[in-house]
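Overview (structure and organization)
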Amino acid sequence: MPQTFKLSPSSLALMEACPRCFWLEKHKIWKRPVGIKASLMNGMDIVLKKHFDNFRDKGELPPEIRDHHHTQGLRLFDDKELLKVWRNNLKGISWTDSQGNILHGAVDNILVNGKKLIVLDYKTRGFQLKEDTANYYQHQIDIYNFLLQKNSYETENYAFLLFYIPSHVLETGDFVFDTVLARRDINIKHAEALFSKAIKLLNSECPEKGCEWCERF
């Protein structure tokens, strides 16, 4: 009987970066070393969620997206308890395939247009965006929408990436951030193909070709 696996957007990103690292990690043989994570990003994530929740509770959108032409007529998802689960890295939005493999992901926020849900993901960047910056997050928002649809929720055919980029410091010491709201078309078939590719890889022999990390193993 094939082994079952639990996958996430980050693990699928690892597969795209190095199939061998991914295989070794998911088979619990070896794990790629993790560098020191910037605590600033985690702190920003917490602050932004509270910031958006405060405006949600007032029935408003926060100023950085309120007057944007992409967000006219939209509102923030107001099921607080469900959003709490969907944001939880250990729970999140989850789906199990017919073989028992699990795909899950934790969202930052959800916007609503009528009965349709729209994924909103926060990103903190140290520098201004390049032309292809948003492309790096495409698989992530595709997977989130795939999971929502697998859980019987209807989604729009697009999602949002909201970038926060440090601009300057005021005389008071307060930091000012520029924001860029990027609307991205989603591709559910891409997410499904990534998941299928991962399961097929994991049920095959370990890839021989590695990267600078796993070739040392």
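What this report covers is the structure whose coordinates are included nearby. Bear in mind the structure is a predicted one, so any value in this text is a computation, not a measurement.

1. Some details on the sheet that holds strand β2 (residues 75-76)
Taken in spatial order, the 5 strands line up as β2-β5-β6-β7-β8 in an open sheet, and their pairing is mixed. Of all the strands in the sheet, the pair left with one neighbour each is β2 and β8 (175-185). With 5 bridges connecting them, strand β5 (residues 109-113) and strand β6 (residues 116-124) associate as antiparallel partners. Each bridged residue has a counterpart across the sheet, and for Leu-111 the counterpart in β6 is Ile-118. Together, β5 and β6 form the strand contacts of helix α5 (residues 80-87), whose direction differs from that of β5 by roughly 135°.

2. Considerations on the pairing of β8
Where strand β7 (residues 158-169) meets β8, 11 bridges bridge the pair, whose relative direction is antiparallel. In the sheet register, Pro-166 faces β8, and the bridge partner there is Phe-177. Here β7 hands over to β8 after 5 residues, with Gly-173 in that stretch at a positive phi of 95°.

3. Quick notes on the environment of Asn-54
The residue Asn-54 is located in helix α3 (residues 39-57) in this model. Spatially, the C-alpha atom of Asn-54 lies 24 Å from that of Leu-170, the residues being 116 residues apart in sequence.

4. Observations regarding the packing of helix α2 (residues 19-26) against helix α7 (residues 188-202)
Orientation of α2 relative to α7, taken along the N-to-C sense of each, is 70°, at an axis distance of 10 Å. The angle between α2 and α7 falls in the class roughly perpendicular. Handedness of the crossing formed by α2 with α7: right-handed. Residue-level contacts link Pro-19, Phe-22, Trp-23 and Lys-26 of α2 to Ala-198, Leu-201 and Leu-202 of α7. For the contact of α2 with α7, a count of residues per class yields 6 nonpolar, no polar and 1 charged.

5. Points about the nonpolar core
Among the nonpolar cores identified, the biggest contains 45 residues, and Leu-7, Leu-12, Phe-22, Trp-86, Leu-103 and Ile-110 are the most heavily contacted of them. Aside from chain neighbours lying at most four places away, what touches Leu-103 is Leu-7, Ser-8, Leu-12, Ile-93, Ser-94, Trp-95, Ile-143, Phe-146, Leu-147 and Phe-195. Counting 16 residues, the second-largest nonpolar core is a separate cluster that includes Leu-76, Ile-118, Tyr-158 and Phe-160.

6. So, the packing of aromatic side chains
Within the structure shown, the criterion is met by 8 aromatic pairs. Their ring planes at 85° and their centres at 5.3 Å tell us that Trp-95 and Phe-146 sit as a pair that is edge-to-face. Note that Trp-95 is positioned in strand β3 (residues 93-96) and Phe-146 in helix α6 (residues 138-150), a separation of 51 residues in sequence. You can call Phe-146 buried: its relative accessible area is 2%. One aromatic cluster is present, formed by Phe-77, Trp-86 and Tyr-153 through successive ring pairs. Over the ring of Phe-55 we find Lys-58, and its NZ or CZ is 4.3 Å from the ring centre.

7. Observations regarding α5
Three or more residues of α5 are buried, namely Leu-83, Trp-86 and Arg-87. Around the axis of α5, the buried residues are gathered within 95° of arc, so they sit on the same side. Of the residues in α5, the exposed ones pointing more than 90 degrees away from the buried face are Glu-81 and Lys-84.

The rules behind each value
- By convention here, each chain's residues receive numbers from 1 onward along its written sequence.
- The predicted nature of this model means local features are confined to residues of pLDDT at least 70 and side-chain atom pairs, given and counted, to a pLDDT of 80 or more, with totals for whole chains, interfaces and linings taken over all residues.
- The basis for every side-chain value is the complete set of heavy atoms in the structure, and neither hydrogens nor water enter the calculation.
- One requirement defines pairing of two strands: DSSP has to find at least two bridges between them.
- Numbering of helices and strands starts at the N terminus; helices are DSSP runs of H or I of at least 4 residues and strands are runs of E of at least 2.
- Any two residues having at least one pair of non-hydrogen atoms within 4.5 Å are treated as being in contact.
- To define axes, lines are fitted to C-alpha atoms, for helices over the stretch in contact only, and angles between the resulting N-to-C directions are given on a 0 to 180 degree scale.
- What sets the label is the angle itself: under 35 degrees gives roughly parallel, over 145 gives roughly antiparallel, 65 to 115 gives roughly perpendicular, and the rest give oblique.
- The hand of a helix crossing depends on one turn: near helix anticlockwise from the far one by less than a right angle means left-handed, and clockwise means right-handed.
- Throughout this entry, Asp, Glu, Lys and Arg are counted as charged residues, while Ala, Val, Leu, Ile, Met, Phe, Trp, Tyr, Cys and Pro are counted as nonpolar. The remaining residues, Gly among them, count as polar.
- Residues grouped as a nonpolar core are buried Ala, Val, Leu, Ile, Met, Phe, Trp, Tyr and Cys residues, joined through side-chain atoms within 4.5 Å.
- Working definition: with a 1.4 Å probe on protein chains only, accessible area under 20% of the residue-type maximum means buried, over 50% means exposed, and in between means partly exposed.
- Only Phe, Tyr and Trp rings are paired, with Trp represented by its six-membered ring, and only when their centres lie within 6.5 Å; those with planes under 30 degrees apart are stacked, over 60 edge-to-face, the remainder tilted.
- Only when the NZ of Lys or the CZ of Arg is both within 6 Å of the ring centre and within 35 degrees of the ring normal is a charge said to sit over the ring.
- By construction, the arc corresponds to the directions joining the helix axis to the C-beta atoms.

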